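So the chains spell out like this:
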Amino acid sequence: MLMADQTYRGVLLIGDPHLDGRIPGFRKDNYPDVILEKLKWSLEYAARQQLLPAILGDLFDKPRDNPNWMIVRLLEMLNGEVLGLYGNHDVHYNPQLTPDDSLSLLVTSGKIRLLSPQTPWRGTIGGRPVVIGGSSYRQPIPENYEKSDPQEVVIWLTHHDILIPGYDEGRIRPREISGIDLLINGHIHRRLEEIVSGGTTWLTPGNISRRARSDASRSHIPSVLQLEITPETVHRKYVEVPHRPFDEVFHEAVVEMPQEPTRSEFIAGLAELQARRTESGAGLMEFLQQNLGKFDAAVAKEIQTLANEVMEHGEKSL
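Residues numbered from 1 in each chain as written. Predicted model: local features only at pLDDT ≥ 70, side-chain atom pairs only at ≥ 80, totals over all residues. Heavy atoms only, no water.

Trainee: Let's hear about helix H1 (residues 31–48): which residues, and what values?
Mentor: A rise of 1.5 Å per residue sets the reference length of H1, with its 18 residues, at 26 Å; its end C-alpha atoms lie 25 Å apart and thus fit the reference within 8%. Restricting attention to buried positions, one finds in H1 the residues Tyr31, Pro32, Ile35, Leu36, Lys38, Leu39, Ser42, Leu43, Tyr45 and Ala46. Where H1 is buried, its residues contact strand E2 (10–14), strand E3 (51–55), helix H2 (68–77), strand E12 (223–229) and strand E13 (234–240). Of the residues one or two after H1, Gln50 is the one with positive phi, at around 55°. (Helix = DSSP H or I, 4+ residues; strand = E, 2+ residues; numbered from the N terminus. Expected span 1.5 Å × (residues − 1). Buried < 20%, exposed > 50% of the residue type's maximum accessible area, 1.4 Å probe, protein only. Contact = heavy atoms within 4.5 Å.)

In structure tokens form, the structure reads like this:
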């Protein structure tokens, strides 16, 4: 097991940065710089507060071909011990991390210590023995964990589809896992309520940013989760990551979409495409999603194929 060699007061959980060299969705700011600054702020906050930082997966939005300038910035800011998982966006061949994936560069260079069920972190935090284990994307969550000390705090990090109220796509139901005190999950982009099952508390802190223009994104407050460990307890609190108001970050929809499908959806989509020629092609893909159902299946398939080719060519041109 991996051992700590530094004094910490607690742990800082950093949810799914999704670093990207392009501007995603309908954001109107310089997202690549903004998200790097949010990650940098989180790491500097951890250092000031003597917290061990841990990234809950999806450090990158795309597993490969990330710009070199972004990798260099990461190498400069990842100082000291940083724990992490790989998420579904970090790996090209799900569910394995390979040498061609950008995250492998950071792991191999020692900038991120990758957790797994076989290689947990072990050390002393706040005067108590602590174990931090991890199950990356599609890695199994333990059925139980055998503590070596009754005072031991066991924290398990995951990047899974957990069935939490507010996230209906989940497949794994929270349950008591003997020996695990806190299970903290990435993957889900917004903060959800905690679930207590026996002696195990399941937490979903959400992302440190907002990538998509949606109602769920509008209500999400970008934050990190701070665990302060003392000999008596583990105190939890959310710390807001500096961010701008939603309406300053995202373009407004050009035309409000009607509740029932009508021809006006097509017109609205065309207006959105004309006004918001987003770098990621979000306008095009949203337009197709709203309107392809109106075409014959064969025609719709051909349109989607052409759109995918355009998007792929655009990515390779960057």
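Trainee: Let's hear about the pairing of E12: which residues, and what values?
Mentor: For E12, a buried count of 6 out of 7 residues is recorded, marking the element as mostly surrounded by other parts of the structure. Note that E2 and E12 share 4 bridges and pair antiparallel. Each bridged residue has a counterpart across the sheet, and for Leu12 the counterpart in E12 is Gln226. Bridge count for E12 against E13 is 7 bridges, and the pairing is antiparallel. Across the sheet, residue Val224 finds its bridge partner in E13, namely Val239. Between E12 and E13, which follow one another and run antiparallel, lie 4 residues. (Pairing = 2+ DSSP bridges.)

Trainee: So, H2: which residues are in play, and what are the values?
Mentor: Taken together, the buried positions of H2 are occupied by Met70, Ile71, Leu74 and Met77. Buried positions in H2, seen along its axis, are confined to an arc of 130° and lie on one side of it. Away from its buried face, by an angle of more than 90 degrees, H2 presents the exposed residues Asn68 and Glu76. Of the surrounding elements, those touching the buried residues of H2 are H1 and helix H3 (102–108). (Arc of directions from axis to C-beta.)

Trainee: Go over the side chain of Asn66 with me, naming the residues and quoting the values.
Mentor: Relative to the helices and strands, Asn66 is located in the loop between E3 and H2. In this structure Asn66 comes out as buried when scored by relative accessible area, which is 10%. From its side chain, Asn66 meets the backbone oxygen of Lys62 in a polar contact 2.9 Å long. There is a polar contact of 2.9 Å between the side chain of Asn66 and the side chain of Ser102. In contact with Asn66, not counting residues within four places along its chain, are Leu19, Phe60, Ile71 and Ser102. (Polar contact = N/O pair within 3.5 Å; in protein donor to acceptor, adjacent residues only side chain to side chain.)

Trainee: So what's going on with the sheet that holds E13? Residues and values would help.
Mentor: In space, the 6 strands of this open sheet follow the order E5-E4-E3-E2-E12-E13, with mixed pairing throughout. Only two strands of the sheet have a single partner each, and these edge strands are strand E5 (113–114) and E13. As judged from the 5 bridges shared by E2 and E3, these two strands associate in the parallel manner. Across the sheet, the residue bridging to Ile14 is Ile55, located in E3.

Trainee: Outline the packing of H1 against H2, supporting the account with residue identities and numerical values.
Mentor: It is at 11 Å that the axes of H1 and H2 come closest, and there the two elements cross at 10°. It follows that H1 is roughly parallel to H2 by the angle criterion. Residue-level inspection shows Pro32, Asp33, Leu36, Glu37, Leu39, Lys40 and Leu43 of H1 in contact with H2, the latter providing Trp69, Met70, Arg73, Leu74 and Met77. Looking at the contact of H1 with H2 residue by residue, the class counts come to 8 nonpolar, no polar and 4 charged. (Axes fitted to C-alpha atoms, helices over the stretch in contact; angles between N-to-C directions. Parallel < 35°, antiparallel > 145°, perpendicular 65-115°, else oblique. Nonpolar A, V, L, I, M, F, W, Y, C, P; charged D, E, K, R; others polar.)

Trainee: Please provide a residue-by-residue account of the nonpolar core, values included.
Mentor: If you look at the biggest cluster of nonpolar residues, it comprises 30 residues, and the most contacted ones within it are Leu19, Leu39, Leu59, Phe60 and Leu74. The element that contributes the greatest number of residues to this core is H1, accounting for 7 residues. The next biggest cluster of nonpolar side chains, apart from the first, holds 23 residues, and it includes Tyr8, Val11, Leu52 and Ile132. (Core = buried A, V, L, I, M, F, W, Y, C linked by side-chain atoms within 4.5 Å.)

Trainee: Give me the pattern of salt bridges: which residues, what numbers.
Mentor: Per the counting criterion, the structure on display carries 16 salt bridges. The residue Lys62 makes a salt bridge to Asp20 at a minimum N-O spacing of 3.1 Å. A residue pair is termed long-range when its members are at least 10 positions apart, and Lys62 in the loop between E3 and H2 and Asp20 in the loop between E2 and H1 qualify at 42 residues. A residue is classified by how much of its surface remains accessible, and Asp20, at 5% relative accessible area, is buried. Asp29 serves as the salt-bridge partner of Arg27, at 2.5 Å between the closest nitrogen and oxygen. You'll find Arg27 and Asp29 in the same group, each marked buried. When salt bridges that share partners are traced, they join Asp20, Asp61, Lys62 and Arg211 into one network. (Salt bridge = Lys/Arg side-chain N within 4 Å of Asp/Glu carboxyl O.)

On their own, these measurements won't tell you what the molecule is for.
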